[in-house]
Amino acid sequence: MAEAHQAVAFQFTITPEGIDLQLSYQALNQIYLSGVRSWKKRVSRMKNRVIKGVYPASPSSWLFVAIAILATMYMQSDPSMGLISKIQQHLPLRYTCGAQGQTMLSALVFSTLLWLSLILTLRLCLKLLLSYHRWMFELHGKVSNTTKVWVSLLRLFSRRKPLLYSYQTSLPHLPVPAIKDTLSRYLESVRPLLTDQELKRMTDLANDFESTLGNRLQRYLKLKALWATNYVSDWWEEYIYLRGRGPIMVNSNYYGMDFLYVTPTTVQAARAGNTITALLLYRRKVNKEELTCDLMDIPLCAAQCERMFNTTRTPGAETDVLQHWLDSDFVVVYHRGRYFRLWVYRGGRLLSPRELEHQIQSILDDPSPPFPGEEKLGALTAGDRCPWAQMRKQFFSSGVNRRSLDAIERAAFFVTLDDEEQGMKGDDPAGNLDRYAKSLLHGKCYDRWFDKSFSIVIYKNGKNGLNAEHSWADAPTVAHLWEYTLATDAFHLGYTQDGHCKGEVERSLPPPQRLAWDIPPEAQVCRSLAVAQALAADVDCHVFPFREFGKGRIKKCRVSPDAFIQISLQLAHYRDRGGFCLTYEASMTRLFREGRTETVRSCSSESCTFVKALEGRETRWVKCLAQGHNSRILFMWVKKPGEPGCEMKLMVTFVSSQVADDGYGVSYIIVGEDMINFHVSSKYSCSETDSRRFGVQLRKALQDIMALLSGDPKGSSKGSAQVQPK
């Protein structure tokens, strides 16, 4: 109760002598400072809105245009060719202003219209420049003159430092491919998987579809493309993610790992303090639009950054809904079955890492038990969506449950203080790494809030990790966030010699607030937990770092690292299962406005020919390694099944589970020049798959192809890699 009294700005009592009013100046000061912080953010948003609204011009350029027009008129010349006079005739204030004032006002109106016209022209030119994509298909070291001119013009237009969303209105729209091209590519992708008779039947079906229903659907798509910013992204979000009624844990959510070989501190509260601080510093950069969203100085769509923080996915009977709030002053922390609201601002300032460590430690030291039904409440977000929607409507629509659920959903993000120790250190590093992956992917199935845009996990030994919900953004966006967080935590914020956060602690900080619950005895939490546990138990994860070589050696063979890895996956699968399968590799479409991902079918006729030739020792086919695969790629940043993040220099991994129940999900991330991290997932319930076995085959496939390309047959492991078809 003492903390509650401290938080009250004023209180009064009615006595026989009258009203006794007592003011808390400290509380009033905190309210004032919080208001100042809120208004500063509003002003900053308004300023950024103006700056990006006139990009690639600047607000100050209006003054230049106005002065130029006025100077020209002063020299007895009319640059408007009579338009200023016509504007003057229609001014509503022409009878109240003098002739000179009317002329001045008309010139300013004309200057503004001219300035806006120049902005629109510049923006159109920039959009045309960004629609050029031939640069990505040119050979390394052989850049055409057209691309050189394009690069020069793009740099000229982008010489002003852009804000995060400055390029949004200039990005081209995703074009609708011709139906003939779509069907042609489809038939090409299934060709290696079908017999001649099956291919003929599929071709007939495709031709029939094109001449009947296909053309009508194509017209609908073109009509939508005229009106919508992106003709596919809203449907992708709605039908691929939000309308799914199964568990999002494992099936949709993905995770990111900590550094593999180092841990900045073993103090759990300290690691939590720095991690939370780094994430909030990133949020500040997003709010101020100080980040850049580009690839090799080529702008990418930044729309996915908008819902990174203060966002949650709420369940519905037929479809879920993404809810986003502009700001949040707190995070929610889960520890030993209890939920706490942790305020991260005090008097308008962000708490220091040391203060956050102090607050986290108070949660770790809190001996209070969970409320009835509180400990495993998070299982509702891990199970099927419809039961969770019914429970939410029935028991979380009012009262204390509504207030506590609001706190979780409105929080900047979710934090779990895990009692386990994780990481790859110890007597069994390979097994520990697999267990670490499973812990981040699903935990205990109730100690994460899977609906939040992302949740961070801080383990007892100082290791951390991240679990992200998939509908609001793809892995590269979260990967950039996580890379910044790890780098800021370890190299910018740092720790003291005894492993604690740096800084001082304001001892008057109010302690974290326990969230209260009134959960009736209800079997649905147990049923959701049973569904989630069965799903988690079926996940077969195997994570391994491949250190024999990396992209540096691959590039020396004049081969794309992505093509090299993809062809290795095809070879490994052929040896593991004795055949080929339809392969889904995700490619990024963020060169277009509101773009997300598209599919690359990396199992092609060329890749199958190469694999069969390699198994038959026909080395003359080696030249087809990169050609067939690279011609199918717009640009690769994410690799899926199982989604990693962008290519990072930090030893972190982003992955999710596999797409098909009877297949493999393989995530990989290229770490520097000499290392590739792989995550292989499958299901124990499928008797034909084994993640560790596939990992062994993949390692051998990488070595065999490298030995072939480098002309070193002694380095080949082919003899031991052979698996007979089943």
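All figures in this text were calculated on a predicted structure; none of them were measured in a lab.

## Some details on the overall build of the protein chain
Step number 1: For the protein chain, the helix and strand inventory stands at 22 helices and 21 strands.
Step number 2: Buried residues in the protein chain amount to 51% of all 726 residues.
Step number 3: Taking all contacts inside the protein chain whose residues are at least 6 apart in sequence as the whole, residues at least 24 apart take part in 74%.
Step number 4: As presented, the protein chain carries roughly 34,700 Å² of accessible surface, and 57% of it is formed by carbon and sulfur atoms.

## A few points about the pattern of salt bridges
Step number 1: Tallying each qualifying case throughout the model produces 38 salt bridges.
Step number 2: Among the salt bridges present, the one from Lys200 reaches Asp204, with a minimum N-O distance of 3.4 Å. Of this pair, Lys200 and Asp204 both sit in helix α8 (residues 196-227), 4 residues apart, which is roughly one turn of the helix.
Step number 3: With a closest N to O distance of 3.9 Å, Lys285 and Glu290 form a salt bridge.
Step number 4: What you see here is one network of salt bridges that share partners, running through Arg245, Arg313, Asp320, Arg385, Asp451 and Glu469.

## Remarks on the side chain of Thr589
Step number 1: Relative to the elements of secondary structure, Thr589 occurs in the loop between β17 (585-588) and β18 (597-600).
Step number 2: Under the relative-accessibility criterion, Thr589 is labelled buried at 6%.
Step number 3: Side-chain polar atoms of Thr589 contact the backbone nitrogen of Arg596, separated by 2.9 Å.
Step number 4: Look past the residues within four positions of Thr589 in its chain and what remains in contact with it is Gly595, Arg596, Thr597 and Glu598.

## Looking at the UniProt feature "active site" (unreviewed entry) in the protein chain
Step number 1: Under the UniProt annotation, "active site" (unreviewed entry) lies at His470.
Step number 2: Under the relative-accessibility criterion, His470 is labelled buried at 1%.
Step number 3: A polar contact is formed between the side chain of His470 and the side chain of Tyr241, at a distance of 3.3 Å.

## So, the UniProt feature "transmembrane region" (unreviewed entry) in the protein chain
Step number 1: With numbering aligned to this structure, UniProt lists the feature "transmembrane region" (unreviewed entry) at residues 54-75.
Step number 2: Here residues 54-75 runs as 68% helix and 0% strand, with 29 Å between its end C-alpha atoms.

## A few points about the environment of Arg601
Step number 1: On the secondary structure map, Arg601 appears in the loop between β18 and α19 (605-615).
Step number 2: C-alpha separation for the pair Arg601 and Tyr584, spaced 17 residues apart in sequence, amounts to 5.6 Å.
Step number 3: Polar contacts involving the side chain of Arg601 include one to the main-chain carbonyl oxygen of Thr583, which spans 3.3 Å.

## Here we look at the nonpolar core
Step number 1: Ile276, Phe413, Phe454 and Ile456 are the most contacted members of the largest nonpolar core, which has 71 residues in total.
Step number 2: Here this core gets 8 residues from one element, more than from any other, and that element is helix α10 (residues 268-288).
Step number 3: Once you skip the residues sitting within four places of it in the chain, Ile456 turns out to touch Thr275, Ile276, Leu279, Phe413, Phe414, Val415, Thr416, Gly465, Leu466 and Trp482.

## Concerning the packing of aromatic side chains
Step number 1: Per the counting criterion, the structure on display carries 25 aromatic pairs.
Step number 2: Taken together, a centroid distance of 6.0 Å and an interplanar angle of 90 degrees make the contact between Tyr339 and Trp449 edge-to-face. Pair noted here: Tyr339 is in strand β9 (residues 338-343) and Trp449 is in the loop between α14 (429-442) and β13 (454-458), with a separation of 110 residues, a long-range link. The residues Tyr339 and Trp449 share a single accessibility class, namely buried.
Step number 3: Taken together through their ring pairs, the aromatic side chains of Tyr334, Tyr339, Trp388, Phe396, Phe414, Trp449 and Trp517 make up a single cluster.
Step number 4: Lying across the ring of Phe330, Arg341 places its NZ or CZ 4.7 Å from the centre.

## What to know about unusual backbone geometry
Step number 1: Omega for the peptide link from Tyr55 to Pro56 comes to 15 degrees, which places this bond in the cis form.
Step number 2: If you trace the backbone, Pro56 turns up in the loop between α2 (25-53) and α3 (60-74).
Step number 3: For Gln76, which is not glycine, the phi torsion reads 60 degrees and is therefore positive.
Step number 4: On the secondary structure map, Gln76 appears in the loop between α3 and α4 (83-89).
Step number 5: In this structure Gln76 comes out as exposed when scored by relative accessible area, which is 73%.

## What about helix α9 (residues 233-242)?
Step number 1: Three or more residues of α9 are buried, namely Ser233, Glu237, Tyr241 and Leu242. Seen end-on, α9 carries its buried residues on one side only, within an arc spanning 90 degrees.

## Side note on the sheet that holds strand β20 (residues 665-671)
Step number 1: A sheet is described by the order of its strands in space; here 3 strands give the open sequence β16-β21-β20, paired in antiparallel fashion. Among the strands making up the open sheet, the edge pair consists of β16 (539-546) and β20. With strand direction ignored, the average angle separating the axes of adjacent strands in the sheet is 10 degrees.
Step number 2: Relative to strand β21 (residues 675-683), β16 runs antiparallel, the two sharing 8 bridges. Considered in β21, the bridge of Asp540 is made with Ser682.
Step number 3: Those strands touched by helix α18 (residues 561-577) are β20 and β21, and its axis lies near 150 degrees from that of β20.

## What to know about the packing of helix α7 (residues 179-190) against α8
Step number 1: One way to put it is that α7 packs onto α8 with a least axis distance of 10 Å and a crossing angle of 155 degrees. Between α7 and α8, the angle falls in the class roughly antiparallel. In terms of crossing hand, the pair formed by α7 and α8 is right-handed. Contacts from Ile179, Lys180, Leu183, Tyr186, Leu187 and Val190 in α7 reach Leu199, Met202, Thr203, Ala206, Phe209, Glu210, Gly214, Asn215 and Gln218 in α8.
Step number 2: Here the residues of the contact of α7 with α8 are counted per class, giving 9 nonpolar, 4 polar and 2 charged.

## Re a nonpolar patch on the surface
Step number 1: A cluster of nonpolar side chains, contributed by Leu105, Val109, Leu113 and Leu116, occupies part of the molecular surface with about 290 Å² of accessible area.
Step number 2: Its location among the elements puts Leu105 in helix α5 (residues 99-130).
Step number 3: The exposure class of Leu105 is partly exposed, given its relative accessible area of 30%.

## Things to note about the confidence of the model for the protein chain
Step number 1: Per-residue confidence for the protein chain gives a mean pLDDT of 86; residues scoring 70 or more make up 87%.
Step number 2: Taken as a whole, residues 623-653 scores under 50 in pLDDT and shows 129 contacts with residues more than four places along the chain or in a different chain.

## With respect to the layout of surface pockets
Step number 1: The volume enclosed by the second largest pocket comes to roughly 1,700 Å³.
Step number 2: For the second largest pocket, the lining is made up of 43 residues, of which Pro177, Thr182, Arg185, Glu598 and Thr599 are closest to its centre.
Step number 3: Within the residue set of the lining of the second largest pocket, elements represented by two or more residues are α7, α8, α9 and β18.
Step number 4: Counting residues per element, the lining of the second largest pocket draws most heavily on α7, which supplies 8 residues.
Step number 5: Of the residues assigned to the lining of the second largest pocket, the class counts are 22 nonpolar, 13 polar and 8 charged.

Calculation criteria
Starting afresh in each chain, residues are numbered from 1 along the sequence in its written order. Given that this is a predicted model, residues contribute local features only at a pLDDT of at least 70 and side-chain atom pairs are listed and counted only at 80 or more, while totals for whole chains, interfaces and linings are drawn from all residues. The side-chain figures draw on all heavy atoms in the structure; neither hydrogens nor water molecules are used. The helix count covers DSSP runs of H or I at least four residues long, the strand count covers runs of E at least two residues long, and both are numbered beginning at the N terminus. Only protein chains enter the accessibility calculation, which uses a 1.4 Å probe; a residue is then buried when its area is under 20% of its type maximum, exposed when over 50%, and partly exposed in between. Whether two residues are in contact is decided by their heavy atoms, any of which lying within 4.5 Å being enough. Method for areas: the Shrake-Rupley scheme with a 1.4 Å probe, in which residue coverage is limited to the protein chains shown. Put simply, a salt bridge is a Lys or Arg side-chain nitrogen that is within 4 Å of an Asp or Glu carboxyl oxygen. Whenever a nitrogen or oxygen atom comes within 3.5 Å of another N or O atom, the pair is scored as a polar contact, on the condition that within protein one atom can donate a hydrogen and the other can accept it, and that pairs from neighbouring residues in sequence are kept only if both atoms are in side chains. UniProt positions are given in the numbering used here, feature names are shortened, and annotations may be inferred rather than shown by experiment. Joining through side-chain atoms within 4.5 Å is the link that ties buried Ala, Val, Leu, Ile, Met, Phe, Trp, Tyr and Cys residues into a set, and such a set is a nonpolar core. In summary, the pairing rule links any two rings of Phe, Tyr or Trp, Trp by its six-membered ring, whose centres are within 6.5 Å, and it sorts them by plane angle into stacked for under 30 degrees, edge-to-face for over 60 and tilted for everything else. A positively charged side chain is recorded as over a ring if its NZ (Lys) or CZ (Arg) lies within 6 Å of the ring centre. The angle to the ring normal must also be within 35 degrees. The arc in question is the one traced by the directions running from the helix axis out to the C-beta atoms. Only strands joined by at least two bridges in the DSSP assignment are considered to pair. Helix axes use the C-alpha atoms of the stretch in contact, all axes being lines fitted to C-alpha atoms, and the angles between their N-to-C directions lie in the range 0 to 180 degrees. Angles below 35 degrees are treated as roughly parallel, those above 145 as roughly antiparallel, those between 65 and 115 as roughly perpendicular, and all remaining angles as oblique. In this scheme the crossing of two helices becomes right-handed for a clockwise turn of the near helix relative to the far one and left-handed for an anticlockwise turn of less than a right angle. Residue classes follow a fixed rule: Ala, Val, Leu, Ile, Met, Phe, Trp, Tyr, Cys and Pro count as nonpolar, while Asp, Glu, Lys and Arg count as charged, and any other residue, Gly among them, counts as polar. Two distance rules govern patches: like charges are joined within 9 Å, and nonpolar side chains (Val, Leu, Ile, Met, Phe, Trp, Tyr) within 5 Å, applied only to residues with over 30% relative accessible area and no salt bridge. A score between 0 and 100, pLDDT records how confident the predictor is in each residue. Method remark: on a 1 Å grid restricted to protein atoms, a set of points is classed as a cavity if a 1.4 Å probe fits but cannot get out and as a pocket if it is open with protein on both sides within 12 Å along at least five of seven lines; lining residues have an atom within 4 Å of a point. Grid points are joined across faces, edges and corners, and a volume is the space filled by probe spheres set on the points.

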